[in-house]
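What the coordinates show
Here's the letter readout for the chains.
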Amino acid sequence: RVVRAVQPTRRAAARRREVFAFVAGIVQRLCRQSKVFAFGSVPLKCFLPDGDVDLTAVFPEARAPEGWAQRLVQAVERARLSTPPFSLGQVTLINAEVKLVKIEVEDLVVDVSVNSAGGLCGLLFLDAADEFIGRDNLFKRSVLLVKSWCFYESRVLGAHHALLSTYAIETLVLYTFNHFGEGLETPLDVLHAMLGYFATFDWEARGISLAGPVAVGGEDGEPLGPPGLVEGARGLPGLGTFLKEAAAKYAVLPGCAADHTSDGTDSSKAGTSDRKSFRWKQVNIVDPLLPFNNLGRSVSKSNMYRIRRAFAAGNRWLSRCLSGPAGLDVAAELEGSFFASTLRRCRQHASQADEEERVEMGGVDDVAANAPSFVQARAARFSAKNNLPPRPVRTSASSSMPSLGLSPTGEKKRPPSINAQELGDAGAGAGAGAGA
């Protein structure tokens, strides 16, 4: 019942498409050389009732015009004076690592960035993982339930509040499938397994890659260590191999997704002085599509402890409830306590009414229909420029390869040399889209 309550409805999805088209029109008129895409939770069909809309304008050669953000703010103010189809609220320029313009369009927030190609790659990567896992879109339904608990119940979701980003949480959910997926049948199973594992995870000593936990380095630039073993792991058969290949296909910088090698070296530092290195923070989560990007970089030290306490408390409560005495109405306990805030918030959104038709979770929404061809063409240009071979993805789950990692097992290859501008834009975009 909780998953259905938060599952996007056709009415909510249609409204977000209209808002996207409106803001995209403003951006397109301002930046005529750009291509405008939606990415993040809306096209993935995993947005919460209060979720925002992520939009990016991608420019040729990854060069955005100077002062684009200030000009966009001015363009929105002009649109406000011309009787727009939606009422416009506050417009905020955020000069963070990923520069954003936040636009309030009635009760929705639209985050506009430029050259966030990593967001498009992440969208397709997560959708491919959901298709492989199957089971009536168990991965996406689990993401919805986990995000609901993190946002409405425990308040640990929100990169702009020095908490976890959406992409970081999605990566933790995928990690849970990769190592414990064999015994997971429902979204509640996934949430319970994730809380149980991370309730005692030592973020001060270890970080997370999809392959397993990695030792935290002492200083920025210190190489990532080899992934460690996960105690009690029973991963979904074939998923680790599929993720390795999918990460290569959808890598933000093709040829760099598997640079976290099995001997503990970080070959992303080799070959050029302007390559970025992994920056150690309070919470360290390796981006599967861009190994030097830390998806946990937004989390402050105090919030790291808050997240750990929240996961531990959630795991204790859920474990007691699921192992309660005979006759206990588990569903009533979950709806009345564990997800009480989630259900209360859903009732406040008319678009989430029980009679509203829910969207089909499979695939990406039409609002991002052009993303696959764009990402494929972008990867082909990048590979041709750097003399990289194409990396096809097998979609069969029949492989018996035991590795659950993203580390290559063959000959190590020197990564292509990338200029600093290209690295900066791609790296920033990979972690964008932190809303619910």
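For the structure given in this document, a descriptive report is provided here. (Residues numbered from 1 in each chain as written. Predicted model: local features only at pLDDT ≥ 70, side-chain atom pairs only at ≥ 80, totals over all residues. Heavy atoms only, no water.)

Let us now look at helix α6 (residues 138-153). The terminal C-alpha atoms of α6, which comprises 16 residues, lie 21 Å apart, in line with the 22 Å expected from a rise of 1.5 Å per residue. With 14 of 16 residues buried, α6 is to be regarded as a mostly interior element. At the C-terminal side of α6, Arg155 shows a positive phi close to 55°. (Helix = DSSP H or I, 4+ residues; strand = E, 2+ residues; numbered from the N terminus. Expected span 1.5 Å × (residues − 1). Buried < 20%, exposed > 50% of the residue type's maximum accessible area, 1.4 Å probe, protein only.)

Counting 124 residues, the largest nonpolar core has Val23, Val112, Phe125, Phe198 and Phe311 as the members making the most contacts within it. Ignoring anything within four residues of it in the chain, the contact list for Val23 reads Leu55, Ile103, Val105, Val110 and Val112. (Core = buried A, V, L, I, M, F, W, Y, C linked by side-chain atoms within 4.5 Å. Contact = heavy atoms within 4.5 Å.)

Inspection of the secondary structure assignment puts Asn137 in the loop between α5 (117-133) and α6. On the basis of relative accessible area, Asn137 is assigned to the buried category, the value being 18%. With sequence-adjacent residues up to four places away left out, Asn137 is seen in contact with Asp130, Met361 and Gly362.

Here strand β5 (residues 108-114) lies mainly inside the structure; six of its seven residues are buried. For strand β2 (residues 53-58) and β5, the ladder comprises five bridges, and the chain directions are parallel. In the strand pairing of β5, Thr56 is matched with Ser113. The hairpin turn running from strand β4 (residues 100-105) into β5, its antiparallel successor, is two residues long, and Glu106 in that turn takes a positive phi close to 55°. (Pairing = 2+ DSSP bridges.)

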